[in-house]
Amino acid sequence: MFDADRQNPLPAEDYGAVRERPSLLSSSLVGSTNRGRVVQALFDRGPSSRAELARLAGVNRTTISGIVQPLLDQQFLVEGEPVPAGEVGGKPARPLWFSPQARPICGILLMPEEVRSCLVSLEGKIDAEHREPLPAHPSGPAEITERLTACVARTLASARRRPLGLGVAVGGMVDTNRRNIIAVNLAPVLAGYPIGEILAGRFGLPVQIDHHPRALLVGDRWFGKGRGMRNFAVVYTGEVLGGALHLDGHLYRGVSGAGGELGHTFVQVDGDVCYCGRRGCWETIATLGWLRRRAAAAGLPEPGAIDSRRLVALAEAGRPGAAELLDTYARNVAVGIANLQQTVAPNFFILHGDVVGGGKRMVDAIAAHVRRLVPSRPGGEVSFDTGDTEDRAALLGAAGLVLSDLLHFPL
Ligand SMILES: [Zn+2]
């Protein structure tokens, strides 16, 4: 699999398995900060000429050439067809973009019931996707390791070039510094699982891990609707509720990655008991468990299988009780979003997970409630969009974790 890269490797420091912060190129070539800025500018605005990049990155043409040439030599970037100069004349500009030959990133999604892995190109194309179910009652961590590494090995076997690294989105609490899993509610065997060390040891590639909702945000930032945004938030709903914040151009993790537990922010004093043991968490009123109970109480058909998609379909079919439940559910989701808006004003929210299935009607209902709950102010217009399909977004996000680290982009 990537023999060509083994014969002509980058300096060893560039993909050392255990380095805290691997760099993309030898730091003796150019400052990594400038390189990160240039590549980030490309991600944010698409194919661009050297002159445009120089302007965007705030550096001169000589510096840009010094940064770009090694990236071209390594087939990280490629030059497109010349674009004729405008009326002002001058040399035709050749836009730079990510090379289809560039080394890919391996994205991994670890959920309680299965592991998925794929290769992600720098253009955000997903390839070589594999999945492996995880045992419901594993005998121990070794069984998890076996399934996990088998899945990743199948994906890596398809890579034509040595991947830049492995990024893992975990459906549970993680320690991003130690690259350990702290706890996964539905898979107790994963508590304390040193996934970073295991994958780095097995595959000899840099590994980054993060919490699933934060990975969604990172995926949106590099490959999705968060491209080029200084401020936005991601909210994920489904069986659980989570989210993440991108503030002033950076992912906000909180101390040791403890931030972003949005599902357990309080919205109802003395509310229902949450699985975390406290009462009135946002998660108790804006997840599928709540929706199923209310659907049963409202007499809707098959309440155990209700989700946003079905709820909208029932409301549109005029089923009694469905439109009211849809509105209440949308309001419950909106309450937490309104709190976030009032606290840090990201102004732009990308919704992921179950509510996406409810389409425009669900998103509009949530948006209307948020606008009702948040006082309007000039420049404070709140907007909404929906993310990629759930699995794709998480895999792109997992890959984005590696990208952020390689570019020394301080997420
Ligand atoms: Zn809770």
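These lines cover the structure that appears in this document, whether it is placed above or below.

Secondary structure assignment for the chain yields 13 helices and 14 strands. Buried residues in the chain amount to 53% of all 411 residues. Of the contacts formed within the chain by residues at least 6 apart in sequence, a portion of 61% connects residues at least 24 apart.

We now examine the sheet that holds strand β10 (residues 232-237). Strand order in this open sheet of five strands is β12-β11-β10-β13-β14, and the pairing throughout is mixed. Whereas interior strands pair on both sides, the edge strands pair on one side only; in this sheet they are β12 (250-252) and β14 (383-386). Pairwise comparison of adjacent strand axes, ignoring direction, gives a mean angle of 25° for this sheet. Relative to β12, strand β11 (residues 241-247) is paired through three bridges, and the arrangement is antiparallel. Pairing of Leu247 across the sheet is with His250, part of β12. Across the sheet, helix α10 (residues 322-344) is in contact with β10, β11, β13 (348-353) and β14; its angle to β13 comes to roughly 145°.

What follows covers the nonpolar core. In terms of nonpolar packing, the biggest core is built from 52 residues, with Phe76, Phe98, Leu122 and Leu403 touching the most fellow members. Leave out the neighbours within four places in its chain, and Leu122 touches Phe43, Phe76, Phe98, Ala102, Arg103, Ile105, Leu164, Phe223 and Leu403. Within the second largest apolar cluster, 41 residues are counted, among which are Ala233, Ala322, Val333 and Ile366.

Taken together, the protein ligands of the zinc ion are His264 (ND1), Cys274 (SG), Cys276 (SG) and Cys281 (SG), with distances of 2.0 to 2.3 Å. Bound by four donor atoms, the zinc ion shows angles of 104 to 119° at the metal and therefore tetrahedral coordination geometry. Along the chain, the residues donating to the zinc ion fall in the pattern H-x9-C-x1-C-x4-C.

Okay, the sheet that holds strand β6 (residues 166-170) next. If you walk across this open sheet you meet the five strands as β5-β4-β3-β6-β9, and the pairing is mixed. Edge positions in the sheet fall to β5 (126-133) and β9 (207-211), since each of these pairs with one other strand and no more. Across this sheet, the average inter-strand angle for adjacent strands is 15°, counted without regard to direction. Sheet topology places strand β4 (residues 114-120) next to β5; six bridges connect them, and they run antiparallel. In the strand pairing of β5, Leu119 is matched with Asp127. Contacting β3 (105-110), β4, β5 and β6, helix α5 (residues 141-157) runs over the sheet at an angle of about 160° to β5. Along the sheet face, helix α13 (residues 390-406) touches β3, β4, β5, β6 and β9 and points at about 130° away from the line of β3.

A word on the pattern of salt bridges. Applying the stated criterion to the full structure yields 16 salt bridges. A salt bridge links Glu129 to Arg116; the shortest N-O distance between them is 2.4 Å. Placement of the pair is Glu129 in strand β5 and Arg116 in strand β4, with a sequence separation of 13 residues. Residue classification places Glu129 among the partly exposed positions, given a relative accessible area of 38%. Connected via shared salt-bridge partners are Glu114, Arg116, Glu129 and Arg131.

We now examine unusual backbone geometry. The phi angle of most residues is negative, glycine excepted, and most peptide bonds adopt the trans form. In this structure, Ala345 is a non-glycine residue whose phi angle is positive, near 50°. In this structure, Ala345 sits in the loop between α10 and β13. The class of Ala345 is partly exposed, set by a relative accessible area of 36%.

Attention now moves to the environment of Gly336. Tracing the sequence through the fold places Gly336 in helix α10. When the C-alpha atoms of Gly336 and Val267 are compared, they prove to be 7.0 Å apart, with 69 residues separating the residues in sequence.

The subject of this paragraph is helix α9 (residues 308-316). Taken together, the buried positions of α9 are Ser308, Leu311, Val312, Leu314 and Ala315. Buried positions in α9, seen along its axis, are confined to an arc of 160° and lie on one side of it. Opposite the packed face of α9, turned more than 90 degrees from it, sit the exposed residues Arg309 and Glu316. Packed against the buried residues of α9 are α8 (288-297), α10, α11 (354-357) and α12 (359-373). With its phi angle positive at about 80°, Gly318 sits one or two positions after the end of α9.

The two faces of β14 differ: Phe384 and Thr386 on one face are buried, but Ser383 and Asp385 on the other face are not. The pairing of β13 with β14 spans four bridges and is parallel. Its bridge partner being in β14, Phe349 is matched across the sheet by Phe384.

Here the focus is helix α6 (residues 195-203). Three- or four-residue spacings in an α-helix give side chains the same orientation, since the helix completes a turn every 3.6 residues. Within α6, the full set of buried residues consists of Ile195, Gly196, Leu199, Ala200 and Phe203. End-on view of α6: buried residues confined to an arc of 120°, all on one side of the axis. Every exposed residue of α6 that faces more than 90 degrees away from the buried side is listed here: Glu197 and Gly201. Against the buried residues of α6 lie β3, α5, β6, β8 (180-183) and β9. Gly204 lies just past α6 and shows a positive phi near 65°.

About the cut-offs
One numbering rule holds for all chains: residues counted from 1, following each sequence as written. Note on the predicted model: pLDDT of at least 70 is required for a residue's local features to be given, and 80 or more for side-chain atom pairs to be given and counted; whole-chain, interface and lining totals, by contrast, use all residues. Calculated side-chain values reflect all of the structure's heavy atoms, with hydrogen atoms and water omitted. A run of DSSP states H or I qualifies as a helix once it reaches four residues; a run of E qualifies as a strand once it reaches two. Both are numbered from the N-terminal end. Type-normalised accessible area, obtained with a 1.4 Å probe on protein chains alone, sets the label of each residue: buried when under 20%, exposed when over 50%, and partly exposed for intermediate values. The contact criterion used is simple: two residues touch if any of their non-hydrogen atoms lie within 4.5 Å. Whether two strands pair depends on DSSP finding at least two bridges between them. Lines fitted to C-alpha atoms define the axes, with helix axes restricted to the stretch in contact, and inter-axis angles between N-to-C directions lie between 0 and 180 degrees. By convention a nonpolar core is built from buried Ala, Val, Leu, Ile, Met, Phe, Trp, Tyr and Cys residues, the set being connected through side-chain atoms within 4.5 Å. Here a donor is any nitrogen, oxygen or sulfur atom (N, O, S) within 2.8 Å of the metal, with 3.2 Å used for Na, K and Ca; water is not among the atoms considered, so some sites may look incomplete. In this scheme the shape depends on donor count and angles: four donors with every angle between 85 and 135 degrees give tetrahedral, four or six donors with opposite pairs above 155 degrees and others between 65 and 115 give square planar or octahedral in turn, and any other case is irregular. By definition, a salt bridge exists where a carboxyl oxygen of Asp or Glu is found within 4 Å of a side-chain nitrogen of Lys or Arg. An arc is given here, and it is the one of the directions from the helix axis to the C-beta atoms.

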